Amino acid sequence: MQRAYACLEKLIAPQHVNDTEEVCPTRTELSALVRLVNEELQRRINTAEVTIQALRAAESQSGAQ
């Protein structure tokens, strides 16, 4: 989480423009950011799938009545 935050910080507001390490995120920081984004995306996909399954179950129950 800390590396992902450092990555975002460097991308949004570099502190020392002459220092390339301050301006450019490292591979580790970028991969941490991508991993967090992927985890959140997967969480949202799972939530959507559960919601869709619940809606389908409710629809099939109301259709059976």
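Keep in mind it's a predicted model, so treat the numbers as computed, not measured. (Residues numbered from 1 in each chain as written. Predicted model: local features only at pLDDT ≥ 70, side-chain atom pairs only at ≥ 80, totals over all residues. Heavy atoms only, no water.)

Draft legend 1. Summary view of the pattern of salt bridges. Per the counting criterion, the structure on display carries three salt bridges. Two residues, Lys10 and Glu29, come together in a salt bridge whose shortest N-O distance is 3.1 Å. On the criterion of sequence distance, the pair formed by Lys10 in helix α1 (residues 2–12) and Glu29 in helix α3 (residues 27–64) is long-range, its members being 19 residues apart. Just as Lys10 is buried, Glu29 falls in that class too. Among the salt bridges present, the one from Arg44 reaches Glu40, with a minimum N-O distance of 2.8 Å. In this pair, Arg44 and Glu40 are both assigned in helix α3, four residues apart and thus about one turn of the helix distant. (Salt bridge = Lys/Arg side-chain N within 4 Å of Asp/Glu carboxyl O. Helix = DSSP H or I, 4+ residues; strand = E, 2+ residues; numbered from the N terminus. Buried < 20%, exposed > 50% of the residue type's maximum accessible area, 1.4 Å probe, protein only.)

Draft legend 2. Quick peek at α3. Taking 1.5 Å of rise per residue, 38 residues should cover 56 Å, and α3 covers 55 Å from first to last C-alpha, within 8% of that figure. Among all positions in α3, only Glu29, Ala32 and Leu33 are buried. (Expected span 1.5 Å × (residues − 1).)

Draft legend 3. Spotlight on the confidence of the model for the protein chain. In this model, the protein chain carries an average pLDDT of 85, and 83% of its residues clear a pLDDT of 70 or more. Confidence, expressed as mean pLDDT per element, reaches its minimum in the protein chain at helix α2 (residues 20–23) with 58 and its maximum at α3 with 92. (pLDDT = per-residue confidence, 0-100.)

Draft legend 4. A look at the side chain of Glu29. In this structure Glu29 comes out as buried when scored by relative accessible area, which is 10%. Beyond its immediate sequence surroundings of up to four residues, Glu29 is in contact with Arg3, Ala4, Ala6, Cys7 and Lys10. (Contact = heavy atoms within 4.5 Å.)

Draft legend 5. How the structure looks around a nonpolar patch on the surface. The grouping of Leu8, Leu11, Ile12 and Leu30 at the surface amounts to a nonpolar patch, some 380 Å² of accessible area in total. With three residues, the single largest contributor to the nonpolar patch is α1. Considering the arrangement of structural elements, one finds Leu11 in helix α1. (Patch = residues over 30% accessible without salt bridge, like charges linked within 9 Å, V, L, I, M, F, W, Y side chains within 5 Å. Areas by Shrake-Rupley, 256 points an atom, 1.4 Å probe, with all protein chains shown as cover.)

Draft legend 6. Representation of α1 within the structure. Taken as a whole, α1 has its buried residues at Ala4, Ala6, Cys7 and Lys10. Buried positions in α1, seen along its axis, are confined to an arc of 160° and lie on one side of it. Among the exposed residues of α1, those oriented more than 90 degrees off its buried face are Gln2, Tyr5 and Ile12. (Arc of directions from axis to C-beta.)

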